[in-house]
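Below, each chain spelled out in residue letters.
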Amino acid sequence: MQRYSKNREAILACLHGTVSHPTAEWIYAQLKPAYPDLSLATVYRNLASLREAGLICSVGTVDGQERFDANVMLHPHAVCRVCGAMADVPFSAAFDSLVDGAENTTGFSVEEVSLRFTGLCSACRAKAENGAEQ
């Protein structure tokens, strides 16, 4: 068990306070004003520690930057191919059935799912549609 760290607690709280699936750099920028001694290396080190402890998960990379999520329940994501916005896709019976099917047919106990839908977020879709009308 790791000892208490105010930086680790702040990083975890920052992740719990957003649904944007942020990068380490975003977390660092959010916390730096309140924690002047915080370094980007500390953020990366603590993210790795939190992930190893199962308190957060990595949801892959977008534009070469790893993204993180405090929601560690199995769930898919949608990613905008233009701006990189990421959103949780709500659970459905079909998703649960997919996980159950994977477990039943392989004998694996599924611990992580990497299901990503890629497309345009509503803001980028609106921009694209407005550009097409001109």
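Residues numbered from 1 in each chain as written. Predicted model: local features only at pLDDT ≥ 70, side-chain atom pairs only at ≥ 80, totals over all residues. Heavy atoms only, no water.

A. The environment of Gly 101, seen in detail. For Gly 101, the position within the fold is in helix α4 (residues 93–106). The partly exposed category is assigned to Gly 101, whose relative accessible area is 26%. When the C-alpha atoms of Gly 101 and Glu 129 are compared, they prove to be 39 Å apart, with 28 residues separating the residues in sequence. (Helix = DSSP H or I, 4+ residues; strand = E, 2+ residues; numbered from the N terminus. Buried < 20%, exposed > 50% of the residue type's maximum accessible area, 1.4 Å probe, protein only.)

B. Region of interest: the sheet that holds strand β5 (residues 116–119). Pairing is mixed across the open sheet formed by three strands, whose spatial order is β4-β3-β5. Bordering the open sheet on either side are β4 (86–88) and β5, each of which pairs with just one other strand. The mean angle between the axes of side-by-side strands here comes to 20°, regardless of whether they run parallel or antiparallel. Alignment of strand β3 (residues 77–80) against β5, held across four bridges, turns out to be parallel. Opposite Ala 78, over in β5, you have Phe 117 as the bridge partner. (Pairing = 2+ DSSP bridges. Axes fitted to C-alpha atoms, helices over the stretch in contact; angles between N-to-C directions.)

C. Just the nonpolar core, in detail. Core analysis: the largest hydrophobic core is formed by 15 residues, its most contacted members being Ile 11, Leu 15, Ile 27, Leu 31, Val 43, Leu 47 and Ile 56. Mapped by element, the contributors of at least two residues to this core are α1 (6–16), α2 (24–31) and α3 (40–52). Counting residues per element, this core draws most heavily on α1, which supplies five residues. Discounting chain neighbours no more than four positions away, the residues touching Leu 31 are Ala 10, Ile 11, Cys 14 and Leu 38. (Core = buried A, V, L, I, M, F, W, Y, C linked by side-chain atoms within 4.5 Å. Contact = heavy atoms within 4.5 Å.)

D. How the structure looks around the confidence of the model for the protein. Mean pLDDT over the protein works out to 92, with 97% of the residues at or above the 70 mark. Mean pLDDT across the elements of the protein bottoms out in helix α5 (residues 122–133) (87) and peaks in α2 (98). (pLDDT = per-residue confidence, 0-100.)

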